[in-house]
Amino acid sequence: MLSKEDNELLTRVGPGTLCGELLRRYWYPVAAASELTANRPKKRVKILGEKLVLFRDEKGEFGLLEEHCSHRGTSLYYGFLEDGCLRCPYHGWLYDKSGQCVEQPFEPNPKFKESIKHRAYPVQKLAGLLFAYMGPEPAPLLPRWDLLVWDRGQRRIERQETLNCNWLQAVENSMDFVHTSILHAYSFKKMGRNNMSTDFLGRPFVRYGFQPFQWGLLKSWEYEGDTAGSGWGNPLVFPTMFRQSDIWSAMHWRVPADDSHTEIYVAHFKPSEDGKPVTQPEEPPLEDPPPQTHPSGEYTMNTFYSQDKMAWETQGEIFNRAEESAGLSDRGILMYRMMLKEQIELVQKGGDPMNTIRNPDQNTIIDLEGWCSERDTRAGAGHQGIELSRVRRRDEVFDDRHEVFEVPFGTARPRPE
Amino acid sequence: MLNKEESDLVTQVGRGTPGGELLRRYWHPVAGARELTAEQPKKRIKIMGEELVLYRDEKGGYGLVAERCSHRGTSLYYGFLEDGCIRCPYHGWLYDKTGQCVEQPFEPNPKFREHTRHTAYPVEKLGGLLFAYLGPPELKPMVPRWDVLAWENGHRTVIRQEPLNCNWLQAQENAVDIVHTYFLHVQTLRHRARMKKERDNGGGTGDPPLGWRPGDNDQVGFGRPFKKYGFQPFEWGIVKTWVYGGENAAEGWGHPMVFPNMLRISAQLHWRVPIDDHHTEIIIVHFKLTEDGRDVEEVEDPPVEFMAPQVLPDGEYAMDTFFCHDKMAWETQGSIVDRSKEHLGESDRGIILLRKMLKEQIEIVQNGGEPRGVVRDPEKNTCIELLGWQHEEDLRTGSYWADGIARKRTRDEVFDERHEEVDVPFGAARPRPEPTEG
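What counts, and at which threshold
- Residues numbered from 1 in each chain as written.
- Chains lettered and ligands numbered in written order.
- Predicted model: local features only at pLDDT ≥ 70, side-chain atom pairs only at ≥ 80, totals over all residues.
- Helix = DSSP H or I, 4+ residues; strand = E, 2+ residues; numbered from the N terminus.
- Rg over C-alpha atoms; globule rule 2.2 N^0.38 Å.
- Buried ≥ 20, exposed ≤ 12 C-beta atoms within 10 Å, placed from the backbone.
- Contact = placed C-beta atoms within 7 Å.
- Nonpolar A, V, L, I, M, F, W, Y, C, P; charged D, E, K, R; others polar.
- Pairing = 2+ DSSP bridges.
- Axes fitted to C-alpha atoms, helices over the stretch in contact; angles between N-to-C directions.
- Core = buried A, V, L, I, M, F, W, Y, C linked by C-beta atoms within 7 Å.
- Expected span 1.5 Å × (residues − 1).
- Arc of directions from axis to C-beta.
- pLDDT = per-residue confidence, 0-100.
- Parallel < 35°, antiparallel > 145°, perpendicular 65-115°, else oblique.
- Left-handed = near helix turned anticlockwise from the far one by under 90°.

Further remarks concern the overall build of chain A. On a plain count of helices and strands, chain A comes out with 10 helices and 19 strands. Its C-alpha atoms give chain A a radius of gyration of 23 Å, within 12% of the compact-globule value 22 Å for 417 residues. Expressed along its principal axes, the backbone C-alpha trace of chain A runs to roughly 90 × 55 × 50 Å. For chain A, the proportion of its 417 residues judged to be buried stands at 45%. Put simply, of all contacts in chain A between residues at least 6 apart along the chain, 59% involve residues at least 24 apart.

Moving on, we get to the overall build of chain B. The helix and strand inventory of chain B stands at nine helices and 21 strands. Computed over C-alpha atoms, the radius of gyration of chain B comes to 24 Å, within 12% of the 22 Å expected from 2.2 N^0.38 for 438 residues, which places it in the range of a compact globule. In terms of overall dimensions, chain B has C-alpha extents of about 100 × 50 × 50 Å along its principal axes. Expressed as a percentage of its 438 residues, the buried residues of chain B come to 39%. Long-range pairs, those at least 24 residues apart, make up 59% of the contacts in chain B with a sequence separation of at least 6.

Contacts between chain A and chain B engage 27 residues on the former and 21 residues on the latter. Sorting the residues of the side of chain A that touches chain B by element identifies α6 (179–190) and α8 (304–313) of chain A as the ones contributing at least two each. A total of six residues in the side of chain A that touches chain B trace back to one element, the largest contributor, which is α6 of chain A. By residue class, the composition of the side of chain A that touches chain B is 13 nonpolar, 10 polar and four charged.

A few words now on unusual backbone geometry. In this model, Glu137 of chain A is joined to Pro138 of chain A through a cis peptide bond whose omega is 0 degrees. The residue after Phe238 of chain A, namely Pro239 of chain A, is reached through a cis peptide bond having omega 5 degrees. Relative to the helices and strands, Pro239 of chain A resides in the loop between β14 (229–237) and β15 (241–245). Phi angles above zero are rare outside glycine, and Asn355 of chain A is one such case at about 70 degrees. Position of Asn355 of chain A relative to the elements: it lies in the loop between α9 (331–348) and α10 (394–397). The class of Asn355 of chain A is partly exposed, set by 18 C-beta atoms lying within 10 Å. Of note, the phi angle at Ser266 of chain B is positive, near 50 degrees, even though the residue is not glycine. Relative to the helices and strands, Ser266 of chain B resides in the loop between β16 (262–265) and β17 (268–276). On the basis of neighbour counts, which here come to 14 C-beta atoms within 10 Å, the residue Ser266 of chain B falls in the partly exposed class.

Moving on to the sheet that holds strand β5 (residues 80–82) of chain B. Residue and element names in this part refer to chain B. Read across the sheet, four strands follow the order β5-β6-β7-β8 without closing on themselves; strand pairing throughout is antiparallel. A single partner strand is all that each edge strand has here, and the edge strands are β5 and β8 (101–103). Here strand β7 (residues 94–95) runs beside β8; their pairing, made up of two bridges, is antiparallel. Residue Tyr95 lies in a different strand from β8, and its bridge partner there is Cys101.

All names here are of chain A. In terms of residue burial, α6 counts as a mostly covered element, since 10 of its 12 residues are buried. Within α6 the residues assigned to the buried category are His179, Thr180, Ser181, Ile182, Leu183, His184, Ala185, Tyr186, Ser187 and Phe188. Where α6 is buried, its residues meet α5 (167–174), α7 (196–200), β12 (205–213) and α8. Gly192 occupies a position one or two residues after α6 and carries a positive phi of about 75 degrees.

This part covers the sheet that holds strand β11 (residues 129–133) of chain B. Residues and elements named next belong to chain B. Pairing is antiparallel in the open sheet, where three strands are placed in the order β1-β11-β10. Strand pairing shows two members of the sheet lacking a second neighbour, β1 (27–32) and β10 (123–126), which therefore form its edges. Pairs of neighbouring strands in the sheet enclose a mean axial angle of 35 degrees, with direction left out of account. Looking at chain direction, β10 and β11 are connected through four bridges and run antiparallel. Bridge pairing links Glu124 to Phe131 in β11.

Our next topic: the environment of Gly60 of chain A. All names here are of chain A. Assignment of secondary structure puts Gly60 in the loop between β3 (50–56) and β4 (62–66). What makes Gly60 exposed here is the crowd of 11 C-beta atoms within 10 Å. Between the alpha carbons of Gly60 and Leu36 there is a distance of 9.6 Å; along the sequence they are 24 residues apart.

Before going further, it helps to examine the pairing of strand β13 (residues 226–234) of chain B. Residues and elements named next belong to chain B. Two elements, β13 and strand β14 (residues 237–244), share eight bridges in a ladder whose sense is antiparallel. The partner of Phe234 across the bridge, within β14, is Gly237. With four bridges joining them, β13 and strand β21 (residues 420–423) adopt antiparallel strand pairing. Bridging from a neighbouring strand, Gly230 pairs with Glu421 of β21.

Let us now look at the nonpolar core. Looking at soluble globular proteins, one finds that nonpolar side chains tend to be buried together. In terms of nonpolar packing, the biggest core is built from 175 residues, with Ile47, Leu54, Leu130 and Ala132 of chain A together with Leu54 and Ala132 of chain B touching the most fellow members. The residues touching Ala132 of chain B, leaving out its near neighbours within four places in the chain, are Trp27, His28, Val30, Ile47, Leu64, Tyr121 and Val123 of chain B. In this structure, Phe205, Tyr208 and Tyr223 of chain A together with Phe106 of chain B belong to the second largest nonpolar core, which totals 10 residues.

Time to look at α9 of chain A. All names here are of chain A. With 18 residues, α9 extends 26 Å between its outermost C-alpha atoms, agreeing within 8% with the 26 Å of an ideal straight helix rising 1.5 Å per residue. Taken residue by residue, α9 has Gly332, Ile333, Tyr336, Arg337, Leu340, Gln343, Ile344 and Val347 as its buried positions. Mapping the buried residues of α9 onto a view down its axis gives an arc of 140 degrees, with all of them on the same face. Turned more than 90 degrees from where α9 packs its buried face, Met338 and Glu342 sit exposed. Buried residues in α9 make contact with α1 (4–11), α2 (18–23), α5, β12, β13 (216–223) and β14. Backbone geometry just downstream of α9 places Gly350 in the positive-phi region, at approximately 95 degrees.

What follows covers the confidence of the model for chain B. Across chain B, pLDDT averages 89, with 90% of residues at or above 70. Taken as a whole, residues 203–215 of chain B scores under 50 in pLDDT and shows 17 contacts with residues more than four places along the chain or in a different chain.

Time to look at the packing of α6 of chain A against α8 of chain A. The axes of two packed helices give the description: the angle between them and the distance between them. Residues and elements named next belong to chain A. In the contact formed by α6 and α8, the axes pass within 10 Å of each other and the chain directions differ by 125 degrees. One finds that α6 runs oblique with respect to α8. Note that α6 runs across α8; the crossing there is right-handed. Here α6 contributes Leu183, His184 and Ser187 to the contact with α8, which in turn contributes Phe304, Gln307 and Ala311. A class-by-class count of the residues in the contact of α6 with α8 yields three nonpolar, three polar and no charged.

Before going further, it helps to spend a moment on the environment of Pro431 of chain B. If you trace the backbone, Pro431 of chain B turns up in the segment after β21. A C-alpha to C-alpha distance of 8.5 Å links Pro431 of chain B and Phe226 of chain B, two positions 205 residues apart in sequence.

Here it is in structure tokens:
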């Protein structure tokens, strides 16, 4: 349960909000490079409550400017790209990528244009995704997460259907271990559909736990039955990412569009069987999965994302956490909220929040896979192909902060015969 | 005219508002029983500002619970029905029909679950409708067995209109606004017929527009010269009275406003159930007598008919049905009409009566009393007869259309000194009679 004030503190992302200030210290994917073509070199994006125009110039370089012209507010999305600058379609003001106004066709005094600094943000490309940074300079390095850098396998990038609720509902779900057993496994079982989820997440559930680690929070688990298995991983990567490494290897970015909408970008990686490098396209296409709702507006409930989307969106645009009844199984969510609050305070005191990377030596490749333990291939997890990184030993992962919870006998854990 | 406070008092329906607390003392229909099937056993319901899930379990029992799980707020509409209980699809919390949490698959301490009381309301089926009671459990009355729901010598149909996009009281005030029938309904249809005729360039009358019945003219129904109307409080609400002149001169009473949110027209009972302060669900039960007047052997849940949309694709009201006329009139008043700007006249006396009644009943509830129209005596609830309160006497023949179905109440059983009668002035609705010779 959160007070109204704490709920506001942890959910609001607009400029000037405390959480918004923290979240502006990180890079976010805002588009795939392949979305910007010679025919369509501009794209409207909304991030952290700010409306922006992303563009690619004639030389292939990217710019990201506030959508509304500093002069009289008209949309620069309808503007003209000229020599790496963007010209407003209303009165012709011209901005370079740094936001500096470089021409005002009807203004005689050059001092006026020099004084105009239009809001602009840096953009970088990695693995075909375009990342933006909207915080104070100097910008930290764009993290080179393992899955974005690997080449011994096939990478795919995807943007899911926009989530119509606040980002925190999706991120809390990353620390909500037990929902997998009901929302996914039990739902599919009720539909009479046996698949990886029912085989893997629907096993008799014995224990689960939470462990803080370098990049966020790890989960741990133990299942019993014919395909018993235990492991750890599937970390929440601070602040808004989720790294999956059980059934698939994937990284999810939850990018707040505004307080009540969230974009979700996913990168998937499938290692090659022979361990040889695979040539990746410079700008892979962005996959657009089908809608998760029927034309009637009902959720289809036949995909993981549709089930999650239902669970998160029906909590409300911004879930009122004064009305929740948190139990023991919500411990991971509380741990994340504490971490979020600490990091907000750290930024307020002038510090660099966790996962700020400034040393290039530490950014050649950031290993997350090694924090994830065995895949229960017997229980239906995808075959890993080659070993992509050294898996850390139990004692390298767990310490006295590891909190473990026992699943009571019942629906999720049948009493053994 | 009402000031802001008075208007809030009689229009607000949320939990804890005085008007909402009054309305919560009555059973309200929330769906036709046929709307819940084995394939589609759950339905989202919003009533008096509360978002709920209605469901029918494997044994045919009904449950009505708050839509959002007490745990983390996810919708129970996507939940699973198990042994008469509903299970949240997110983490599996299981609730019985009383709202008691009976399982929390991941919580080891049973006390936690025992303390979790989810909002839940009782549901009862009558006449093919499902009724819900959202008031204090210890004050739960009986579901009133209105005649159209209790009769066994005919067939019922449940009719559902598209939701009304305005506050419920605008619809209910209309139930005591007898004079609107002359212009809103009859003149609208006449005007449409005239327009149609002109469009057809005078070549005959052309096809009658929708809603226009052959033979409709200014000598039948609501289109007759209007001489007098009146209002008479009665046991269940307010009865309207009328005197028409012309070729089919008649006088009568009926079409009662049944307190708090019903309207009875002939063999139809209309409920105006508040969805929230700005939306209203209209549910109608229509009763049709068997040809020979005998009882139906096996009474089944009646069919549910969903009326076609009343708005054209361009967003204009079609204006071709009575309901569409009403919908236009009520919705264009505003989502909650600003009653500080109205100018009430003589013809609005019925509306003033209704508002007074509402205010009195709100005060009774606030003072711990029981409001009117609440039924607790099983003997009085075998069949609550409303038909006998309706009567129109042909001034020439004296025949009674409901003979054989209900006992017609005599004039002195209906009227007392509270009867307010108003004369219609000569003019548009009441042509001055031709001076007669001699």
